[in-house]
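Coordinate inspection notes
Letter by letter, the chains look like this.
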Amino acid sequence: MDPETRDPGTYHSPSRILGSIIYRNSIRFGPRQIRVESAMLRAYNSGTRAAPYESLVVADIGDVNVNVYDLKDTCKRIREAYRKILATGCIPLTMGGDHTIAYPILQAVAEKHGPVGLVHVDAHADTSDVVLGEKIGHGTPFRRCVEEGLLDCQRVVQIGLRGSGYSADSYEWSREQGFRVVPVEECWFKSLTPLMSEVRAQMGSGPVYLSFDIDALDPGFAPGTGTPEIAGLTPIQGVEIIRGCRGLNLVGCDLVEVSPPYDPTGNTALTGANLLFEMLCVLPKMKYY
Ligand SMILES: N=C(N)NCCCC(=O)O
Ligand SMILES: [Mn+2]
Ligand SMILES: [Mn+2]
């Protein structure tokens, strides 16, 4: 389709290689829709018997005042906001927004905790150096984090990676840093509970950040996202991963890339809300009946 005749609401841009990258935007409306769908959540976790509201002080503290016209300024605003949030002793659970937000959040997290472990659940490694000419974007956060020493690379795992890539081995850079890479093919047709036993051993007792890109799930379950990739994880596997984080020294979590315009049933936002609840239920000092 001729770039000039495309629907102005759809963002296309020639890639450096073939075709074009089609990024379905409006991710910034994700938090609003996740809040709407979170109305269905109850107080206790029937699967794990966790009682989050008996264990912790839990609050929705609202949105960071981002700059929708300037991504770099938005990152600065997020970093400054999270410095203040973390100074209170809070463990933030963040709704994205696209995966760019993990970079400024981890800048603030590492300032407080030092280089942290990372459980990264995603279809994409998000370790590109430059995408569409930009160093800051949702395809580059973890490259920037490594460059700035924010991650304890031997304690990083990336789970669910898949899809077409910019090179034959899209995960080479991750492995070169010392990350454990778990491509989706190693997840197909199996419970991820055994994998999470290995991840807990890898993470040890040090601080860990959990970053969950909703596009880790198969688009049949979570179509409302900007860069869907087929043959993904099931919601059951997503829950297994999060529940497998029980006992880790979690210092922060996020759930990113929910795009409401592509989520007509609301199921993607509903799944995001439930995954965030599961994250709440594995935080340190949780009471279980
Ligand atoms: N959805 C996230 N976080 N990243 C997608 C990157 C897609 C790309 O660079 O082509
Ligand atoms: Mn991502
Ligand atoms: Mn992704």
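Refer to the structure presented above.
A brief report on the enclosed structure follows. This is a predicted model, so every value here is computed, not measured. (Residues numbered from 1 in each chain as written. Chains lettered and ligands numbered in written order. Predicted model: local features only at pLDDT ≥ 70, side-chain atom pairs only at ≥ 80, totals over all residues. Heavy atoms only, no water.)

Q237, G238, V239, E240, I241 and I242 are the residues of helix 8 (residues 235–243) that are buried. Considering only its buried residues, helix 8 is in contact with strand 4 (116–121), strand 5 (151–161), helix 7 (193–203), strand 7 (207–213) and helix 9 (267–280). (Buried < 20%, exposed > 50% of the residue type's maximum accessible area, 1.4 Å probe, protein only. Helix = DSSP H or I, 4+ residues; strand = E, 2+ residues; numbered from the N terminus. Contact = heavy atoms within 4.5 Å.)

This part takes up the side chain of T227. With respect to the secondary-structure elements, T227 resides in the loop between strand 7 and helix 8. Judged by relative accessible area, T227 falls into the buried class, the value being 15%.

Moving on, we get to a nonpolar patch on the surface. Taken together, V66, V68 and Y69 make up a surface patch of nonpolar side chains, about 360 Å² in accessible area. The residue V68 is located in the loop between helix 2 (52–55) and helix 3 (71–87) in this model. With a relative accessible area of 48%, V68 lands in the partly exposed category. (Patch = residues over 30% accessible without salt bridge, like charges linked within 9 Å, V, L, I, M, F, W, Y side chains within 5 Å. Areas by Shrake-Rupley, 256 points an atom, 1.4 Å probe, with all protein chains shown as cover. Salt bridge = Lys/Arg side-chain N within 4 Å of Asp/Glu carboxyl O.)

Bringing the layout of surface pockets into the picture now. One number sums up the size of the second largest pocket: a volume of about 200 Å³. As for the second largest pocket, its lining consists of M40, L41, R42, Y44, N45, S46, G47, R243, L270, N274, F277 and E278. Top contributing element to the lining of the second largest pocket by residue count: helix 9, with 4 residues. Classifying every residue of the lining of the second largest pocket by side-chain character gives 5 nonpolar, 4 polar and 3 charged. (1 Å grid on protein atoms, 1.4 Å probe; cavity = no way out; pocket = protein on both sides within 12 Å on 5 of 7 lines; lining within 4 Å. Points joined across faces, edges and corners; volume = space filled by probe spheres on them. Nonpolar A, V, L, I, M, F, W, Y, C, P; charged D, E, K, R; others polar.)

Bridge analysis of strand 5 against strand 6 (residues 180–183) gives 4 bridges, and the strand direction is parallel. Looking at the pairing, L161 lines up with P183 of strand 6. Between the parallel pair strand 5 and strand 6, the chain is carried across by helix 6 (residues 172–177), and the sense of this crossover is right-handed. (Pairing = 2+ DSSP bridges. Right-handed = clockwise from strand over helix to strand, strands pointing away.)

Turning our eyes to something else, we now look at the site of ligand 1. Contacts to ligand 1 come from H99, H124, D126, H138, G139, Y166, D213, D215, T227 and E257. Between ligand 1 and D126, the relevant distance is 2.8 Å, taken from a nitrogen atom to a side-chain nitrogen or oxygen of the residue. Taking H138, its main chain carries an N or O atom lying 3.2 Å from a nitrogen atom of ligand 1. Relative to its unbound accessible area of 310 Å², ligand 1 is 90% covered by the protein chains. Across the shell around ligand 1, the residue classes break down as 1 nonpolar, 5 polar and 4 charged. (Near = heavy atom within 4 Å. Polar contact = N/O pair within 3.5 Å; in protein donor to acceptor, adjacent residues only side chain to side chain.)

Let us look at the pattern of salt bridges. Two side chains carrying opposite charge are able to pair once their charged atoms lie near each other. The tally for this structure, following the rule as stated, stands at 14 salt bridges. Among the charged side chains, a network of salt bridges with common partners joins D129, K135, R144 and E147.

What follows is about the coordination of the manganese ion (ligand 3). Perfect tetrahedral coordination of a metal by four donors corresponds to 109.5 degrees between them, and perfect octahedral coordination by six donors corresponds to 90 or 180 degrees. The manganese ion (ligand 3) binds to the protein through D122 (OD), H124 (ND1), D213 (OD), D215 (OD) and D215 (OD); the donor distances cover 2.1 to 2.4 Å. Look at where the donors of the manganese ion (ligand 3) fall in the sequence and you get D-x1-H-x88-D-x1-D. For the pair the manganese ion (ligand 3) and the manganese ion (ligand 2), the metal-to-metal distance amounts to 3.1 Å, and D122 bridges them. Taken together, the residues span a long stretch of sequence, with D122 in the loop between strand 4 and helix 5 (141–147) and D213 in strand 7 at a distance of 91 residues. D213 carries the same exposure label as D122, and that label is buried. (Donors = N, O, S within 2.8 Å, 3.2 Å for Na, K, Ca; no water.)

What follows concerns the sheet that holds strand 7. Within the open sheet, the 6 strands sit side by side as 3-8-7-4-5-6. Their pairing is parallel. Strands with a single pairing partner mark the edges of an open sheet, and in this sheet they are strand 3 (93–95) and strand 6. Strand after strand, the sheet turns through a mean of 10 degrees between neighbouring axes, direction not considered. With 7 bridges connecting them, strand 7 and strand 8 (residues 249–256) associate as parallel partners. When the sheet's bridge partners are listed, L210 is paired in strand 8 with C253. Together, strand 4, strand 5, strand 6 and strand 7 form the strand contacts of helix 7, whose direction differs from that of strand 5 by roughly 165 degrees. (Axes fitted to C-alpha atoms, helices over the stretch in contact; angles between N-to-C directions.)

Between G96 and G97 the backbone carries a cis peptide bond, its omega angle lying at 15 degrees. If you trace the backbone, G97 turns up in the loop between strand 3 and helix 4 (102–113). A positive phi angle, near 55 degrees, is found at L132, a position not held by glycine. Checked against the element boundaries, L132 lands in the loop between strand 4 and helix 5. Positive phi outside glycine occurs at K285, with the angle close to 70 degrees. Looking at the secondary structure, you find K285 in the segment after helix 9.

The next subject is the environment of N45. On the secondary structure map, N45 appears in the loop between helix 1 (30–37) and helix 2. Sequence spacing of N45 and E278 is 233 residues, and the spatial spacing of their C-alpha atoms is 7.8 Å. For N45, the residues in contact, after removing those within four places along its chain, are A50, R243, F277, E278 and C281. A distance of 3.0 Å separates a polar side-chain atom of N45 from the backbone nitrogen of T48.

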